[in-house]
Amino acid sequence: PYNILSISSNVGSEVGTYIIDKILDLHIVPVTVKKKYKDNEGSAQYFVKDAIVASKLKEKERKKPKEMLLLDYFIKNVDRHAGNYMYLQSIQKFIAIDNGWAIRGNNIFSRVKRFFIDKRTRSEMKRLFEKEEIPDHRLFNTLNSIPDQVFQKALRKTIPNSAIMKLLERRKKILRSLSKFYQ
C-alpha cells in the first residue's frame, strides 16, 4: 500500500514540472532539482521567501493565472488546491509548488480517491478550458511552436518515456481545443 509521503513526493513529477515550466517560459515553478540524501533520492525546491500560501488569501484573490491553468492541464496536475500555490506580492505573481501529483499515468484518479483532493480540481482535469480561462495567444503559440523532441530530450532522464508520450498527447489535445479560439 501507498503512504502519503511516497505518493506526494514524486521526484520525476516535481523536477519534470520545473523543466516543462522552463521550456514553456512560464516562470511560475521555483527551481527544482534532484537531490540525494543518504541512500534516498528526492527533490529540492527553492524556497520563495515572503510568498503567501494562496489559502491565506481572500477567496477572490486566489484566482489561478492562465499560465498555471495551462501548465496544470498540460502536466495533468490533479492537486492544485490553495495549499500548493503561493502569491509573491513583491512581483505580483503566483508560484506553483508541490507538483508531486503531476505527470502521472491515466490511473491517477483511482489513487486520488483515497486522499482529500477537492472535487473541483478533479473536474478541472476532465474538461478543457472554460472561456474565461483561455490562455492568451502568446501562450498558445509557445506551446504550439516547441517540437516534441525538445520535451523528449529535456525530460528523458527525469520521467519514463511512456509519461513523456502521454504528456505530448495531452499537448495535442490542448492545442486542438485552443486552436478554435485562434483561427
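1. Some thoughts on the environment of Lys-66
Now for step 1: In this fold, Lys-66 is placed in helix 3 (residues 66–75).
Now for step 2: Separated by 68 residues in sequence, Lys-66 and Ile-134 place their C-alpha atoms 6.9 Å apart.
Now for step 3: When near neighbours in sequence (up to four residues on either side) are disregarded, Lys-66 contacts Glu-132, Glu-133, Ile-134, Pro-135 and Leu-139.

2. Digging into the nonpolar core
Now for step 1: The biggest cluster of nonpolar side chains holds 41 residues, and the ones touching the most others in it are Ile-20, Leu-24, Phe-74, Phe-151 and Leu-155.
Now for step 2: When residues of this core are traced back to their parent elements, those giving at least two are helix 2 (11–24), helix 3, strand 4 (85–88), strand 5 (93–96), helix 6 (137–145), helix 7 (148–155) and helix 8 (161–179).
Now for step 3: Setting aside anything within four residues of it in sequence, one finds Phe-74 in contact with Ile-20, Leu-24, Leu-143, Phe-151, Leu-167, Arg-170, Arg-171 and Ile-174.
Now for step 4: Formed by six residues, the second largest nonpolar core is a distinct cluster that contains Val-48, Ala-51, Met-86 and Ile-97.

3. Some details on the packing of aromatic side chains
Now for step 1: One pass over the structure, following the stated rule, counts three aromatic pairs.
Now for step 2: Judged by centre distance (5.5 Å) and plane angle (75 degrees), the ring pair of Phe-74 and Phe-151 falls under edge-to-face. Of the two residues, Phe-74 sits in helix 3 while Phe-151 sits in helix 7, which places them 77 residues apart along the sequence. When sorted by exposure, Phe-74 lands in the same class as Phe-151, which is buried.
Now for step 3: Residues Tyr-85 and Phe-94 carry aromatic rings whose centres are separated by 5.6 Å and whose planes lie at 55 degrees to one another, so their mutual orientation is tilted.

4. Brief notes about the confidence of the model for the chain
Now for step 1: On average, residues of the chain score 82 in pLDDT, and 80% of them reach the 70 mark or higher.
Now for step 2: Confidence, expressed as mean pLDDT per element, reaches its minimum in the chain at helix 1 (residues 4–8) with 35 and its maximum at helix 7 with 98.
Now for step 3: Segment residues 1–8 is flagged for pLDDT under 50; beyond a separation of four residues in sequence, or across chains, it makes twelve contacts in the model.
Now for step 4: The low-confidence segment residues 108–125, where pLDDT is below 50, has 34 contacts with residues more than four positions distant or belonging to other chains.

5. Topic: the pattern of salt bridges
Now for step 1: A full pass over the atoms with the stated rule returns three salt bridges.
Now for step 2: Measuring nitrogen to oxygen at the nearest pair gives 3.3 Å for the salt bridge that ties Arg-62 to Glu-59.
Now for step 3: In this structure, the salt-bridge partner of Asp-148 is Arg-171, at a minimum N-O distance of 2.3 Å. One end of the pair, Asp-148, is in helix 7; the other, Arg-171, is in helix 8, and 23 residues separate them in sequence.
Now for step 4: Judged by its relative accessible area of 23%, Asp-148 falls in the partly exposed class.

Rules used throughout
Residues numbered from 1 in each chain as written. Predicted model: local features only at pLDDT ≥ 70, side-chain atom pairs only at ≥ 80, totals over all residues. Heavy atoms only, no water. Helix = DSSP H or I, 4+ residues; strand = E, 2+ residues; numbered from the N terminus. Contact = heavy atoms within 4.5 Å. Core = buried A, V, L, I, M, F, W, Y, C linked by side-chain atoms within 4.5 Å. Buried < 20%, exposed > 50% of the residue type's maximum accessible area, 1.4 Å probe, protein only. Phe/Tyr/Trp six-rings, centres within 6.5 Å; stacked < 30°, edge-to-face > 60°. pLDDT = per-residue confidence, 0-100. Salt bridge = Lys/Arg side-chain N within 4 Å of Asp/Glu carboxyl O.

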